[in-house]
Amino acid sequence: MTGSIDPAAWQQRRTSFGSVAADYAALRPGYPADAVAFLLGPRPLRVLDLGAGTGLLTDVLVAAGHDVVAVDPSAEMLDQLRARHPGVPAHRGGAEEVPLPDGSVDAVVAGQAAHWFDPDAAAPELRRVLRPGGVVGFVWNVRDERVPWVAALGAALAAEARGHEADQGVVAEFARALPADVATHESATVQRVTPEQVVGGIGTRSYVATMTPAAREAFLGGIRDLLAGHPGTRGRDVLELPYRTDAYRLTPR
Ligand SMILES: C[S@@+](CC[C@H](N)C(=O)[O-])C[C@H]1O[C@@H](n2cnc3c(N)ncnc32)[C@H](O)[C@@H]1O
């Protein structure tokens, strides 16, 4: 989904993750177990983690006892995932062309990834690989800007132009294209990080990863200065970075 970004920039951004794969695995937040339980229920299922990246959502799926297969277009991201989860089969591919047989999974889930899928091309693929009665689950972590220093960070990142509304737009497009009924669940997670890890995590955002090296350094320097000067973060060695986790379960009709 391109939103307000032009198509060439969107394509560049959605393929940018390989360049930051190692940092991504180390510096992005994980997902709370209750979000996965909401999406998939209590029984172990055969689950496709689509846009699985380095395997941050895979961690929670595996811990909950699901039988996971991972798909992502980025070879570098999948290298990280394979190192983290040697027992999880991982294939290159995308939502618009899923390298799995028809009716082979009980659920398709995507963490922080569905906004990179083309709903009209992906929806028929999701229906194809799902068994009858299967579900689609999308989940996003969104920085909780009720905390003043997180709001200041959000203002500095405003060019990213993604928020809760953008994610809801993606869900609405998939609900139309599948078609599907939607149920939602909100929970929370906190990342304990050093200020430098906050800076590093922002460096893995696609719109920062695609900057020129000089622009990237200048931008991240501004974030470093913000954290060094803000009353909520000044002088702190470890920060608690809060996220709201929004989970959406789509049940195809
Ligand atoms: C922000 S990362 C999220 C990775 C992982 N799910 C997580 O929770 O950390 C987005 C991922 O979506 C992948 N991606 C981009 N376009 C995609 C597409 N059309 N189909 C499937 N995955 C895609 C990227 O390669 C990247 O690994």
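As recorded in an unreviewed UniProt entry, the protein chain goes by the name Methyltransferase family protein, listed as coming from Geodermatophilus tzadiensis. Comment text from UniProt for the protein chain, heading Sequence similarities (unreviewed entry), reads "Belongs to the methyltransferase superfamily."

By nearness alone, 20 residues border the ligand, and Tyr 31, Gly 51, Asp 72, Ala 95 and Gly 111 come closest of all. In the model, a nitrogen atom of the ligand is placed 2.8 Å from a nitrogen or oxygen of the Gly 111 main chain. In the complex, the protein chains occlude 98% of the 600 Å² of accessible area that the ligand would expose alone.

Attention now moves to unusual backbone geometry. The linkage connecting Leu 178 with the following residue, Pro 179, adopts the cis geometry, with an omega of -20°. Looking at the element boundaries, Pro 179 is found in the loop between α8 (164-177) and β6 (180-193). Phi is positive for Gln 112, which is not a glycine, with a value near 55°. Mapped onto the elements of the fold, Gln 112 is located in the loop between β4 (105-111) and α6 (119-129). For Gln 112, a relative accessible area of 15% gives the class buried.

What follows is about the sheet that holds strand β7 (residues 239-252). Here we have 7 strands laid out as an open sheet, ordered β3-β2-β1-β4-β5-β7-β6, and mixed in their pairing. The strands lining the two open edges of the sheet, one partner per strand, are β3 (90-92) and β6. The sheet shows a mean angle of 20° between the axes of neighbouring strands, direction not considered. Here 3 bridges tie strand β1 (residues 46-50) to β4, and the two strands are oriented parallel to one another.

Axis separation between helix α7 (residues 148-156) and helix α11 (residues 213-229) bottoms out at 11 Å; the angle between their running directions is 160°. Taken together, α7 and α11 sit at an angle that is classed as roughly antiparallel. At the point where α7 passes α11, the crossing takes the right-handed sense. When α7 is examined against α11, the residues Trp 149, Ala 152, Leu 153 and Ala 156 are found in contact with a partner set consisting of Phe 219, Ile 223, Leu 226 and Leu 227. Considering only residue class, the contact of α7 with α11 consists of 8 nonpolar, no polar and no charged.

Right, let's talk about the nonpolar core for a bit. Residues Leu 40, Val 47, Leu 57, Leu 61 and Val 139 are the most contacted members of the largest nonpolar core, which totals 30 residues. Looking at this core, the elements with two or more residues in it are α2 (21-27), α3 (33-40), α4 (56-63), β2 (67-72), α5 (75-84), β4 and β5 (130-143). It is α3 that contributes the most residues to this core, 5 residues altogether. In this structure, Leu 48, Val 69, Val 108 and Leu 178 belong to the second largest nonpolar core, which totals 29 residues.

Burial analysis of β2 places 5 of its 6 residues in the buried class, the great majority of the element. Pairing between β1 and β2: 5 bridges, direction parallel. Each residue of the ladder has a partner; that of Val 47, found in β2, is Val 68. Handedness of the crossover joining β1 and β2 through α4 is recorded here as right-handed. Here β2 pairs with β3 via 3 bridges, running parallel. Among the inter-strand pairings, Asp 72 is bridged to a residue of β3, identified as Arg 92.

On inspection of all chains with the given rule, the structure shows 9 aromatic pairs. Measuring from ring centre to ring centre gives 6.1 Å for Phe 138 and Trp 140, while their planes differ by 65°; the resulting arrangement is edge-to-face. Residue class for Phe 138 comes out buried when judged on its relative accessible area of 1%. Note on Tyr 207 and Phe 219: the rings are 5.9 Å apart at their centroids and 75° apart in plane angle, and the pair reads as edge-to-face. On the criterion of sequence distance, the pair formed by Tyr 207 in helix α10 (residues 206-209) and Phe 219 in helix α11 is long-range, its members being 12 residues apart.

The next subject is the UniProt feature "domain: Methyltransferase type" (unreviewed entry) in the protein chain. Taken from the UniProt record, the annotation "domain: Methyltransferase type" (unreviewed entry) applies to residues 48-136. Across residues 48-136, helical content stands at 33% and strand content at 29%; the span's end C-alpha atoms are separated by 9 Å.

What counts and what doesn't
Residues numbered from 1 in each chain as written. Predicted model: local features only at pLDDT ≥ 70, side-chain atom pairs only at ≥ 80, totals over all residues. Heavy atoms only, no water. UniProt positions renumbered as here; feature names shortened; annotations may be inferred. Near = heavy atom within 4 Å. Polar contact = N/O pair within 3.5 Å; in protein donor to acceptor, adjacent residues only side chain to side chain. Areas by Shrake-Rupley, 256 points an atom, 1.4 Å probe, with all protein chains shown as cover. Helix = DSSP H or I, 4+ residues; strand = E, 2+ residues; numbered from the N terminus. Buried < 20%, exposed > 50% of the residue type's maximum accessible area, 1.4 Å probe, protein only. Pairing = 2+ DSSP bridges. Axes fitted to C-alpha atoms, helices over the stretch in contact; angles between N-to-C directions. Parallel < 35°, antiparallel > 145°, perpendicular 65-115°, else oblique. Left-handed = near helix turned anticlockwise from the far one by under 90°. Contact = heavy atoms within 4.5 Å. Nonpolar A, V, L, I, M, F, W, Y, C, P; charged D, E, K, R; others polar. Core = buried A, V, L, I, M, F, W, Y, C linked by side-chain atoms within 4.5 Å. Right-handed = clockwise from strand over helix to strand, strands pointing away. Phe/Tyr/Trp six-rings, centres within 6.5 Å; stacked < 30°, edge-to-face > 60°.

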